[in-house]
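Chain by chain, the residues run as shown.
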Amino acid sequence: MGSPTRVPIVLAWAAWTVCGLTPAPAAARTPATPARTPATAARQASQNPAPADLDQVIASALTLFQQGRHQEARAALDAAAGRLATAPAGQRAQALWVRAQVERALSRHDDAERAAADGVTEAVRAGNTRIEAELRLVQITLAGDRGDAALMNERIALAEDAARRADAQGVLAAVLAAKGRALRAQGKPRESLEAHSAALAIAEAMDYPQAEIQYLGLRATTYLGLGDYDEALADAQRAYDLARRPDIGGALLSSATFALAQVLGNIRDLERAADLWTEAVEAYRKTGPEIGVALSIRQRMDVYYALEDYDRAASDGATALEMFERTGSAGTTIGLLSRLSLIQARRGQRAEADAAARRAEADAYARRAEAMLEGTPDRQRITVDLDLGLMALAQAEPDQAAARFRRVAETADRLSDPDYRWRAEQGLGQAAMLAGRVDEAAAHFDRAVATIEALRRALPEAGLRATFLADRMGPYDGQVAALMARASGPDDPLAGAALAASERARGRALADLLAEPRWRSTDPAFVRLRDEEAAFGRRFTALQREITGASDASARTEAERRLADAERDYDAFVIRARRETPALASLAYPEPLDAAAIASAAGPGEAIVAFWIAADHGFVWSVRDGRVRGYPIEGAGTLEPSVRFLLAGIAASDRAAVEASTADLGRRLLGPVAGDLAGVRSIVIVPDGPLVRVPFAVLRPDGADAAPLVRRAASTLAPSITLLGHLRAGARAPLADRHSVVVASSQPPALDGGLRQIYRDEALRLVPLVEAEQEARDVARRTGAPPGALLVGAGATETAFKHLLAGGARVVHVATHAVLDEAVPRRSAILLGAGGDDDGLLQLNEIAALPIDADLVMLSACRTHLGRLVRGEGFVSLSRTFMLAGARAVGASLWAVDDRATRVLMDRFYDALGDGQAPDEALRTAQVAMIDAGGAEADPITWAGFVITGAATRPLFDHPPGGGPTSRIVAAAVAILLLVVIWWGAARQRQRRVAP
């Protein structure tokens with residue numbers, strides 16, 4: 001499987017120079033007279049030859065530059081050029097310092113170089129070592145713009161000497177930061193960290209937040225290269241928070257956004273990174289310099305590439321290339337060319353003519369990049385070699401690819417860069433597989449996975465581990481594919497080892513989160529964090545109420561902006577909270593099960609069916625009676641269209657299409673393991689890729705004339721076999737005491753119209769759920785809900801529901817509307833009544849903090865199993881979040897379900913559950929009953945939409961009062977039999993009496 005490459009870290013100098021800020025010299029920091037604007041001050045100063053007014057011209061030009069008004073700044077300096085020519089050397093040096101920065105911001109690099117060189121001459125003549133150091137600092141930046149590492153080093157030494165002679169701490173800090181950038185480019189990351197930390201310490205001592213922002217961003221970039229993701233994220237987030245202060249903003253906010261986007265791109269929070277890059281592009285267009293726009297577009301290109309949006313990536317790449325070539329920023333062009341070559345190679349996989357054209361473009365870009373490689377620093381060379389190696393793979397040239405990846409590995413070792421090291425190992429593994437050297441490939445993939453596992457443990461927040469691992473599936477897929485290729489048949493132990501390898505990439509973030517102590521812990525540190533999280537919940541609620549109640553569009557837009565700010569603050573809080581909590585830092589997270597443990601994971605009468613679906617190949621395994629068997633199946637490229645066709649047929653109630661699809665997909669997915677499933681009572685399915693949307697109960701493993709799976713056995717879902725064991729470990733024995741909590745909200749909430757604003761969905765329309773309240777009353781009766789544990793009508797509020805859950809319940813049933821937000825998963829919600837501090841939107845962050853200790857949560861609402869899909873984790877959904885909150889099994893829906901049909905299904909489900917059946921068998925009983933009822937009830941859209949995930953194979957209730965339908969039938973049969981026996985006995989007695 002081809003996988004997106006690492007989002008390259010921008011050249012070390014670039015992440016700093018895009019903000020264009022260096023500490024101003026003392027004279028230049030003097031503000032213009034308060035009664036005049038900077039532009040007015042500049043005009044008046046240009047008309048007055050007094051030396052003092054020249055100081056004001058310089059100060060005004062600097063202010064205009066810092067405001068991003070570069071042309072006005074240049075005009076002010078031009079107007080005073082005549083008088084500056086006869087001014088003292090010190091004044092001329094200061095004016096030339098400002099001019100050099102203005103010319104650079106206008107992408108006039110040659111003019112900037114001349115101004116800086118002339119300024120150094122004037123500063124030395126004046127004996128002003130401070131302004132000399134400032135100007136030499138600008139020269140360092142200009143050398144970085146041109147990608148001239150040797151010149152940078154030479155200028156750093158001169159600038160550091162001048163700054164120390166002048167005892168100019170702010171300038172010294174900026175020079176040390178430049179030194180750190182150069183050291184990192186030279187493959188000395190630890191020395192680079194020391195230099196950045198020294199610069200940051202000076203800025204902190206000076207209480208100079210503007211410089212802190214820059215140096216935090218630089219250090220974050222260096223940490224990224226070392227794979228220290230927690231440190232990188234902490235620095236970038238801190239810089240971003242500082243830059244968002246009202247007294248800062250401007251170019252520094254652009255720079256901090258740049259740094260945070262870069263970190264998020266590399267830990268694979270790609271959607272948020274893309275949004276931040278777009279913010280950075282727009283910000284730099286306002287404040288400059290143009291290089292900031294170009295670099296941000298180039299980085300957004302990398303994120304689009306990682307998201308496999310190759311068309312947008314190509315568009316951004318072409319724009320960035322044109323800007324780099326126009327502005328003379330040669331230092332970034334070589335890596336961009338190699339990435340463009342790879343993008344074009346990927347785009348060429350469409351039609352023959354298009355493929356030929358794209359390949360020609362790819363080769364042209366690659367040749368240009370190759371021609372520029374000689375003498376380039378390791379940090380640039382490694383990205384080029386990686387991209388060209390991947391292009392060789394895409395064009396089926398394994399020997400060329402392997403040569404590139406070996407160079408990547410060597411360079412990664414010199415740079416001490418583990419992220420590039422595993423990518424080199426993955427590339428070498430893919431090249432070996434392409435050449436048919438499976439054993440060699442397996443060794444490379446093993447080394448890549450070991451490195452990824454070490455990097456993953458460095459992430460401070462389990463949610464980030466999900467996105468991080470989702471984009472690093474390539475080596476895991478390589479391991480699985482290599483093991484299966486070496487297996488001699490389905491029963492070969494290597495097939496079991498392949499399944500164990502796949503477990504290392506499944507549900508890992510959810511397993512980590514379930515292992516962490518709950519927020520409700522009595523530990524004081526957790527109590528403080530819980531209170532802080534609750535405060536965020538109140539903040540979200542208040543802002544969402546503002547949005548729904550806004551009187552005009554401008555007020556609503558402002559509230560939406562503040563909600564987005566609050567969500568960014570919440571992200572920062574989660575990262576900080578997990579990073580700074582010792583109890584979490586020391587927690588031993590669960591390891592995936594090994595092959596032996598997996599083989600024994602299925603209970604008596606049970607089978608586990610696990611899938612692994614890559615782009616162009618897939619595998620299915622059966623686990624039963626201590627044995628694992630593995631089989632090859634198709635990949636996502638061919639399966640996904642078939643899944644979409646099945647779902648479309650179900651949505652349209654097209655029974656012919658559904659029957660054809662269920663037979664076709666059943667044969668392709670379950671056919672290989674059909675013989676292994678004979679006679680089992682229950683099947684646990686571990687889906688992957690496009691299969692997470694499949695209602696497996698409808699599939700026909702044995703073809704068109706066979707019964708669907710629901711007729712053969714009960715089925716449930718599991719995120720992984722490891723997680724299944726974890727959830728089962730917490731399951732309780734059947735109880736006669738059936739404490740439950742039931743809530744139903746049948747009317748759309750009062751903020752129905754406002755919901756379209758919060759969720760940006762103009763099509764959102766909520767209709768009354770006519771059957772929901774009666775469904776809830778029936779469930780409450782069948783599950784023995786105590787007085788007060790049934791919430792319906794006006795009593796079904798978010799506040800009341802949260803209060804009830806705090807008391808614990810065996811079963812939780814929710815019959816309401818639900819809203820799904822894939823773009824911002826936190827906003828997905830169960831809709832209840834508002835009141836008090838709650839707005840009626842029970843959203844994901846609130847659900848995760850609930851004290852749920854339930855064996856079953858049934859979400860009887862639309863699309864509650866769906867959400868944003870994360871490879872290896874499944875959906876970030878309402879269903880998953882209730883499991884995170886403590887539910888050991890969750891029932892949820894795959895599509896929009898009918899109100900009446902859902903009530904019928906739930907009546908039958910709870911009848912069977914109350915009769916002592918396990919949840920999986922109870923759901924099967926209810927679904928089969930609907931099929932047998934015929935008519936509309938037999939349509940798959942009415943019965944196949946609900947699935948249960950988790951530990952659902954043990955009964956919840958034992959000998960409940962009144963029993964379920966089966967127990968009542970049995971009781972009636974026993975009574976009849978007893979009457980028959982009594983009648984027969986009485987008849988025999990009469991016969992004896994009349995006998996002679």
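The structure presented is a predicted model; accordingly, all values stated were derived computationally and were not measured.

## With respect to the overall build of the protein chain
- The secondary structure content of the protein chain amounts to 44 helices and 16 strands.
- Looking at the protein chain residue by residue over its 996 residues, the buried ones come to 61%.
- Taking the intrachain contacts of the protein chain between residues at least 6 apart in sequence as the baseline, contacts between residues at least 24 apart amount to 72%.
- When the accessible surface of the protein chain is split by element, carbon and sulfur atoms take 54% of a total near 36,300 Å².

## Details of the nonpolar core
- The biggest cluster of nonpolar side chains holds 131 residues, and the ones touching the most others in it are Ile-213, Tyr-215, Val-480, Leu-499, Ile-608, Trp-612 and Trp-621.
- Broken down by element, the residue count for this core peaks at ten residues, all from helix H16 (residues 290–306).
- The next biggest cluster of nonpolar side chains, apart from the first, holds 72 residues, and it includes Val-609, Met-906, Leu-923 and Trp-943.

## Quick word on the pairing of strand S2 (residues 618–624)
- Most of S2 is tucked away, with seven of its seven residues classed as buried.
- Both faces of S2 are covered, namely the face carrying Gly-618, Val-620, Ser-622 and Arg-624 and the face carrying Phe-619, Trp-621 and Val-623.
- The pairing of strand S1 (residues 606–613) with S2 spans six bridges and is antiparallel. In the strand pairing of S2, Val-609 is matched with Ser-622.
- Counting the residues in the hairpin turn of S1 and S2 gives four residues.
- Of the pairings in the sheet, the one linking S2 to strand S3 (residues 627–633) comprises seven bridges and is antiparallel in character. The residue bridging Arg-624 from the neighbouring strand is Arg-627, located in S3.
- Between S2 and S3, which pair antiparallel and follow one another directly, the connecting turn spans two residues, one of which, Asp-625, has a positive phi of 50°.

## Section: the sheet that holds strand S9 (residues 817–819)
- If you walk across this open sheet you meet the three strands as S9-S10-S11, and the pairing is antiparallel. Every interior strand has two partners, whereas the edge strands, S9 and strand S11 (841–843), have only one. In this sheet, adjacent strand axes meet at a mean angle of 25° when their direction is disregarded.
- Across three bridges, S9 lies against strand S10 (residues 829–831) in antiparallel orientation. Paired with Ala-818 across the strands is Ile-830, a residue of S10.

## Digging into helix H21 (residues 398–415)
- Given a rise of 1.5 Å per residue, 18 residues ought to cover 26 Å, and the 25 Å separating the end C-alpha atoms of H21 matches this to within 8%.
- The first or second residue beyond H21 is Ser-416, which carries a positive phi of 55°.

## Examining the confidence of the model for the protein chain
- Confidence in the prediction of the protein chain, expressed as mean pLDDT, is 80, and 79% of residues score 70 or more.
- Of all secondary-structure elements in the protein chain, the lowest mean pLDDT belongs to helix H2 (residues 38–46), at 39, while S2 reaches the highest, 97.
- Contacts for the low-pLDDT stretch residues 992–996, under 50 throughout, to residues beyond four places or in other chains number zero contacts.

## Focus on the pairing of S1
- For S1, the tally of buried residues reaches eight of eight residues, placing the bulk of the element in the interior.
- Side-chain alternation along S1 places Glu-606, Ile-608, Ala-610 and Trp-612 on one buried face and Ala-607, Val-609, Phe-611 and Ile-613 on a second face that is also buried.
- In the sheet, S1 pairs with strand S4 (residues 682–686) via five bridges, with the strands oriented parallel. Bridged to Val-609 within S4 is Ile-685.

## Points about the pattern of salt bridges
- For the structure on display, the rule yields 72 salt bridges.
- Notably, a salt bridge pairs Arg-108 with Asp-111, separated by 2.7 Å at the nearest N-O pair.
- Linking Arg-312 and Asp-309 is a salt bridge whose minimum nitrogen-to-oxygen distance equals 2.7 Å.
- Several salt bridges share partner residues, and in doing so they unite Arg-244, Arg-539, Glu-546, Glu-558, Arg-561, Arg-562, Asp-565 and Asp-569 into one network.

## Things to note about helix H6 (residues 89–105)
- Between its first and last C-alpha atoms H6 spans 24 Å; for 17 residues at 1.5 Å apiece the expected length is 24 Å, and the two agree.
- In terms of burial, H6 is largely enclosed, as 17 of its 17 residues are buried.
- After H6 finishes, the residue Ser-107 shows a positive phi value of roughly 65°.

## Regarding the packing of helix H12 (residues 209–226) against helix H14 (residues 250–266)
- Where H12 contacts H14, the two axes come as close as 10 Å, and the packing angle between them is 15°. Considering the angle they form, H12 stands roughly parallel to H14. Along this stretch, H12 crosses H14, giving a crossing that reads as left-handed. On H14, the residues touching Gln-210, Ile-213, Gln-214, Gly-217, Ala-220, Thr-221 and Leu-224 of H12 are Leu-252, Ala-256, Ala-259, Gln-262, Val-263 and Asn-266.
- Partitioned by chemical class, the residues of the contact of H12 with H14 number seven nonpolar, six polar and no charged.

## Thoughts on the environment of Asp-569
- Locating Asp-569 in the fold gives a position in helix H29 (residues 553–580).
- Counting along the chain gives 328 residues from Asp-569 to Asp-241, while the straight-line C-alpha distance between them is 8.3 Å.
- Apart from residues no more than four positions distant in its own chain, Asp-569 is found in contact with Arg-244, Phe-536 and Arg-539.
- A polar contact of 2.9 Å, which involves the side chain of Asp-569, links it to the side chain of Arg-244.
- Polar contacts involving the side chain of Asp-569 include one to the side chain of Arg-539, which spans 2.8 Å.

## A look at the packing of aromatic side chains
- What the rule picks out here adds up to six aromatic pairs.
- Ring centres of Phe-536 and Phe-540 lie 6.2 Å apart, and the angle between their planes is 35°; this geometry places the pair in the tilted category. You can see Phe-536 and its partner Phe-540 sitting in helix H28 (residues 524–549), four residues apart, about one turn around the helix.
- Classification of Phe-536 by relative accessible area gives buried; the value is 9%.
- Its relative accessible area of 2% is what places Phe-540 among the buried residues.
- Ring plane angle 80° and centroid distance 5.0 Å describe the contact between Phe-909 and Tyr-910, whose orientation is recorded as edge-to-face. Across this residue pair, the class does not change: Phe-909 and Tyr-910 are buried.

Criteria and thresholds
- Residues numbered from 1 in each chain as written.
- Predicted model: local features only at pLDDT ≥ 70, side-chain atom pairs only at ≥ 80, totals over all residues.
- Heavy atoms only, no water.
- Helix = DSSP H or I, 4+ residues; strand = E, 2+ residues; numbered from the N terminus.
- Buried < 20%, exposed > 50% of the residue type's maximum accessible area, 1.4 Å probe, protein only.
- Contact = heavy atoms within 4.5 Å.
- Areas by Shrake-Rupley, 256 points an atom, 1.4 Å probe, with all protein chains shown as cover.
- Core = buried A, V, L, I, M, F, W, Y, C linked by side-chain atoms within 4.5 Å.
- Pairing = 2+ DSSP bridges.
- Axes fitted to C-alpha atoms, helices over the stretch in contact; angles between N-to-C directions.
- Expected span 1.5 Å × (residues − 1).
- pLDDT = per-residue confidence, 0-100.
- Salt bridge = Lys/Arg side-chain N within 4 Å of Asp/Glu carboxyl O.
- Parallel < 35°, antiparallel > 145°, perpendicular 65-115°, else oblique.
- Left-handed = near helix turned anticlockwise from the far one by under 90°.
- Nonpolar A, V, L, I, M, F, W, Y, C, P; charged D, E, K, R; others polar.
- Polar contact = N/O pair within 3.5 Å; in protein donor to acceptor, adjacent residues only side chain to side chain.
- Phe/Tyr/Trp six-rings, centres within 6.5 Å; stacked < 30°, edge-to-face > 60°.

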